[in-house]
Amino acid sequence: QYSNNKGDAKVKESNVEIEQKVESLKREIQIISSKLKEFGGQKEEHYKQKNSLDKQLNSLISKAKELKDKKHDVDKNIHKLKSEREDANKLYNETLANVRKTKKDRKTSRENITPSSNLRKQIKDMEYNMQIEVLSFKKEKQAMDQIKRVKSELKKSIAYEESLRGSDSDYRNAKDLKIKADKMHAEIQKLATESSQIFEELTKLSKDIADIKAKRNTVQLILKNIKVQIGHMNHKLSKILKDWSGLADKVVLRTARKGYELIHKKTEAVKEKLKSKKKLTTEDILLLQREAMHK
């Protein structure tokens, strides 16, 4: 009888030690579960920050692309206008040179040119006189030669007067070309200002994009670290749950919580995985946690 009592005492003592170890493991499970929950909250918060930064970044990159396209169009238009202005200025200088030459030539020949209207009247009068007068053959030939000379002079006078009209036209053309070139220059200045403003916006956007990328990289590093911490804790929790499961099966523990039997039943398959050293899923770990919290 004494021997049996001594054996029962040893069994009782052994059960107490196991219960104490089980309770110790439960506390560790609770601590790690609490930390996992905390890290889970941090991970969710940092994911929100990352998503917000991604949206801001995408918006800024999209805006930068629009501005780059706009600047490209403005610069292309500037290049086109510069080419047209150069052509207009070249033509203006050529036309102006012609006007100056014509003006110089006019000064030289003005004194030797008789107005065409005077010459026409002179020819008309001479022809009329020939018709009404009776002239000798010699005088008629002289009159005809004189009319021929005056007609030659008339031809020069007409050419000179046409050159004057051409000179006036060239002058008006030169003036129009100058106005056109000046307008193009003003438009180029306006577009150059716009291009400069776009460049300033792009410079600021580039800085903002770089800042947000830096923030996002920091958040990504934090997330990576949190994931590593969660991975380590899950690994540690899996090991502690395995130790707890092995001890919990050796002692009968009571619980007043309703539904424990159902949880226990569901975790039997998970415990078999532990015994056979199979990899646990997140759901497996949660089931073991639930059972540990109920024991």
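Residues numbered from 1 in each chain as written. Predicted model: local features only at pLDDT ≥ 70, side-chain atom pairs only at ≥ 80, totals over all residues. Heavy atoms only, no water.

(A) Highlighting the overall build of the chain. Of the regular secondary structure elements, the chain holds 5 helices and 0 strands. Listed by position from the N terminus, the elements making up the chain come as α-α-α-α-α. Burial statistics for the chain: of 295 residues in total, 27% are counted as buried. Across the chain, every contact between residues at least 6 apart in sequence was considered, and the portion connecting residues at least 24 apart equals 88%. For the chain, the exposed area adds up to about 21700 Å²; of that, 51% sits on carbon and sulfur atoms. (Helix = DSSP H or I, 4+ residues; strand = E, 2+ residues; numbered from the N terminus. Buried < 20%, exposed > 50% of the residue type's maximum accessible area, 1.4 Å probe, protein only. Contact = heavy atoms within 4.5 Å. Areas by Shrake-Rupley, 256 points an atom, 1.4 Å probe, with all protein chains shown as cover.)

(B) Seen up close, the side chain of lysine 50. Tracing the backbone shows lysine 50 in helix 1 (residues 2–109). A relative accessible area of 19% means that lysine 50 is categorised as buried.

(C) Structural detail: the pattern of salt bridges. Scanning all chains against the criterion turns up 9 salt bridges. Where lysine 50 meets aspartate 54, a salt bridge forms, and the shortest distance between an N and an O atom there is 3.0 Å. Of this pair, lysine 50 and aspartate 54 both sit in helix 1, 4 residues apart, roughly one helical turn. Judged by relative accessible area, aspartate 54 falls into the buried class, the value being 17%. For aspartate 208, the salt bridge goes to lysine 204, with nearest N and O atoms at 3.2 Å. Highlighted residues: aspartate 208 and lysine 204, both in helix 3 (residues 137–248), separated by 4 residues, approximately one helical turn. Each of Lys50, Asp54 and Arg216 takes part in salt bridges that share partners, so that together they form one network. (Salt bridge = Lys/Arg side-chain N within 4 Å of Asp/Glu carboxyl O.)

(D) The arrangement of the confidence of the model for the chain in detail. Of all residues in the chain, 69% have pLDDT values of 70 or greater, and the mean over the chain is 78. Per-element mean pLDDT across the chain ranges from 62 in helix 4 (residues 260–275) up to 84 in helix 3. The low-confidence segment residues 252–259 (pLDDT under 50) makes 7 contacts with residues lying over four places distant or belonging to another chain. (pLDDT = per-residue confidence, 0-100.)

(E) Structural detail: the environment of aspartate 75. By the element assignment, aspartate 75 lies in helix 1. When its relative accessible area of 29% is taken as the criterion, aspartate 75 is described as partly exposed. Spatially, the C-alpha atom of aspartate 75 lies 6.9 Å from that of serine 195, the residues being 120 residues apart in sequence.

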